[in-house]
Amino acid sequence: AQESRGLGDVYKRQEEIQSSSINLTYANLYSDVYTANEEVHSEGGTYKTETVKNLASYIEMTDDIHILLSRLKEFDKKTFLVTNSPWDYTNSVLSFLLNNKNEKFPHWLDYFDSVVVSAAKPNFFRTGGTLRAIDPQTGQLKIHSGGSNKVFLGGCLSTFMETLPPIDGEVLYVGDHIFADVMVPKKQHGWRNLLLLPELKNELSCWEQVKYLYYKVLTLGYIKAETYRGLDISCKTPPDIKVLKNEMKRTVTMIDEVYNKNFGSLFRSGLRPSFFAMQVQRYSDVYTADYSNLLGYPLFYYFSAHVTAAPHELAYHFDHRDKQEDKNEDKKEVK
């Protein structure tokens, strides 16, 4: 709610500027949105303060999280939490979600082998800072010098990993930030990841409404390609595809408006993948709208991507298929 008010101020200012002679640039807009976002998300900002005051209004209570964490512990999986949120906020939220949900794990800290708060990701995965231990009873800080500490503040990945039990095999890191949780850990440390994208729910819902339009655009694209078939460098007059292009543009606009009348789909820019979609495909190993989807799979399940063909391989495939169809037609005529 606080963030919405902050962004509402940005939109109000945008309307004021647009009605004046001031030139509003994308850089100005980015600066305003970034400043508003940082203000409400900072440790002293209103976002966390207001949330803690009324957790039931802002945090969705679900059994899925404690069921998933319980399964991981029962199968002797090592679990850790790395968050940029401060200790007080983290403790309040996770106590609300996890305390007294399972007799084996009465306190939320029982689900984790180690916890880092105020981690300052993505810098945590690089040089980081000094690792300090936190007394979970009092919240007091102390310099970590070994021992049985379980909750930490700051630090960096290399020092933090020394606090964990030996980890055999690969790490699956779950996060919702494409840069801080996915790109940096993958590029710097080779961690596998699960990217959480709540927006997928709306994307999939919209897709059910527009998929027939998408297939229409693909058909129009095929007709456009066929229009150029057989033309070579000796041709001087291009074919007239103005009507075809206008229909494609109109259909793409119809698709975009179903997702969002101002921005279209999060994953597409017209017919092409958006920059965000390309980042998701490039850096995320698995992505989903909700972590609870993991409950539908055994812990030994292996997710693998579909095999995709390169553009030149697709061109060969369709050309070879067309030639084969021509041969089949010739055989029919001979019979």
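Our structure's up above, just so we're on the same page.
Everything in this summary refers to the structure shown in the same document. Treat the numbers as computed from the prediction; the structure is a model and nothing was measured. (Residues numbered from 1 in each chain as written. Predicted model: local features only at pLDDT ≥ 70, side-chain atom pairs only at ≥ 80, totals over all residues. Heavy atoms only, no water.)

Spatial strand order, E1-E2-E5-E3-E4: five strands in an open sheet with mixed pairing. Looking at which strands have only one partner, the edges of the open sheet turn out to be strand E1 (80-82) and strand E4 (141-143). For this sheet, the mean angle separating the axes of adjacent strands, direction not counted, is 30°. Examined bridge by bridge, strand E3 (residues 131-134) and strand E5 (residues 151-154) share three bridges and lie antiparallel to one another. Bridge pairing in E5 places Leu 131 opposite Gly 154. (Pairing = 2+ DSSP bridges. Helix = DSSP H or I, 4+ residues; strand = E, 2+ residues; numbered from the N terminus. Axes fitted to C-alpha atoms, helices over the stretch in contact; angles between N-to-C directions.)

Of all the five residues making up strand E7 (residues 192-196), four are buried; the element is thus mostly covered by neighbouring parts of the structure. As for the winding sense of the linkage, the β-α-β connection from strand E6 (residues 172-175) through helix H8 (residues 178-189) to E7 is right-handed. Relative to strand E10 (residues 286-288), E7 is paired through three bridges, and the arrangement is parallel. Bridging from a neighbouring strand, Leu 194 pairs with Val 286 of E10. (Buried < 20%, exposed > 50% of the residue type's maximum accessible area, 1.4 Å probe, protein only. Right-handed = clockwise from strand over helix to strand, strands pointing away.)

Right, let's get into the packing of helix H2 (residues 26-41) against helix H3 (residues 46-53). Running from N to C, H2 and H3 cross one another at 45°; their axes reach a closest spacing of 5 Å. Our classification of the angle between H2 and H3 gives oblique. Along the contact surface, H2 presents Glu 39, Val 40 and His 41, while H3 presents Thr 46, Tyr 47 and Lys 48. (Parallel < 35°, antiparallel > 145°, perpendicular 65-115°, else oblique. Contact = heavy atoms within 4.5 Å.)

Inspection of the secondary structure puts Ser 284 in the loop between helix H11 (275-283) and E10. In this structure Ser 284 comes out as buried when scored by relative accessible area, which is 10%. Within the structure, Ser 284 has its side chain in polar contact with the backbone oxygen of Val 280 (distance 2.4 Å). In this structure, Ser 284 is in contact with Val 182, Asn 193, Leu 195 and Gln 279, ignoring residues within four places of it in sequence. (Polar contact = N/O pair within 3.5 Å; in protein donor to acceptor, adjacent residues only side chain to side chain.)

Before going further, it helps to spend a moment on the sheet that holds E7. Ordered by their spatial adjacency, three strands build an open sheet running E6-E7-E10, and the pairing between neighbours is parallel. Sheet topology places E6 and E10 at the edges, where each strand pairs with a single neighbour. Neighbour-to-neighbour, the strand axes of this sheet turn through a mean angle of 20°, independent of strand direction. The sheet contact formed by E6 and E7 spans four bridges and is parallel. Residue Leu 172 lies in a different strand from E7, and its bridge partner there is Arg 192.

The full count for this structure, using the stated rule, is eleven salt bridges. One salt bridge connects Glu 50 with Lys 53, and the closest N-O pair in it is separated by 3.5 Å. Highlighted residues: Glu 50 and Lys 53, both in helix H3, separated by three residues, approximately one helical turn. Take Glu 50: its relative accessible area is 26%, and that puts it in the partly exposed class. Ionic pairing is found between Glu 226 and Arg 229, a salt bridge with its closest N-O pair at 3.1 Å. (Salt bridge = Lys/Arg side-chain N within 4 Å of Asp/Glu carboxyl O.)

Here we take up the packing of aromatic side chains. Scanning the entire structure with this criterion turns up 20 aromatic pairs. Here Phe 105 and Tyr 111 contribute two aromatic rings whose centre-to-centre distance is 5.1 Å and whose plane-to-plane angle is 40°, an arrangement assigned as tilted. Among the aromatic residues, those joined into a cluster by ring pairs are Phe 80, Phe 124, Phe 125, Phe 160, Tyr 173 and Trp 191. The ring of Tyr 89 has Lys 48 lying over it, and the distance from NZ or CZ to the ring centre is 5.5 Å. Over the ring of Tyr 283 we find Arg 282, and its NZ or CZ is 4.8 Å from the ring centre. (Phe/Tyr/Trp six-rings, centres within 6.5 Å; stacked < 30°, edge-to-face > 60°. Lys NZ or Arg CZ within 6 Å of the ring centre and 35° of its normal.)

The next thing to look at is the nonpolar core. Trp 87, Leu 97, Leu 98, Trp 108, Phe 112 and Val 115 are the most contacted members of the largest nonpolar core, which totals 20 residues. Elements supplying a minimum of two residues to this core: helix H5 (64-74), helix H6 (87-98) and strand E2 (114-117). Of all the elements, H6 adds the most residues to this core, at six residues. Beyond its immediate chain neighbours, meaning those up to four positions away, Leu 97 contacts Ile 59, Glu 60, Met 61 and Ile 65. Counting 16 residues, the second largest nonpolar core, distinct from the first, contains Phe 124, Leu 131, Val 184 and Trp 191. (Core = buried A, V, L, I, M, F, W, Y, C linked by side-chain atoms within 4.5 Å.)

Let us now look at unusual backbone geometry. Each neighbour pair has its own omega, and for Lys 121 with Pro 122 the value is 5°, a cis peptide bond. For Asp 76, which is not glycine, the phi dihedral falls at a positive 60°. Of note in this structure, Asn 100 is not a glycine but carries a positive phi near 60°. On the secondary structure map, Asn 100 appears in the loop between H6 and E2.

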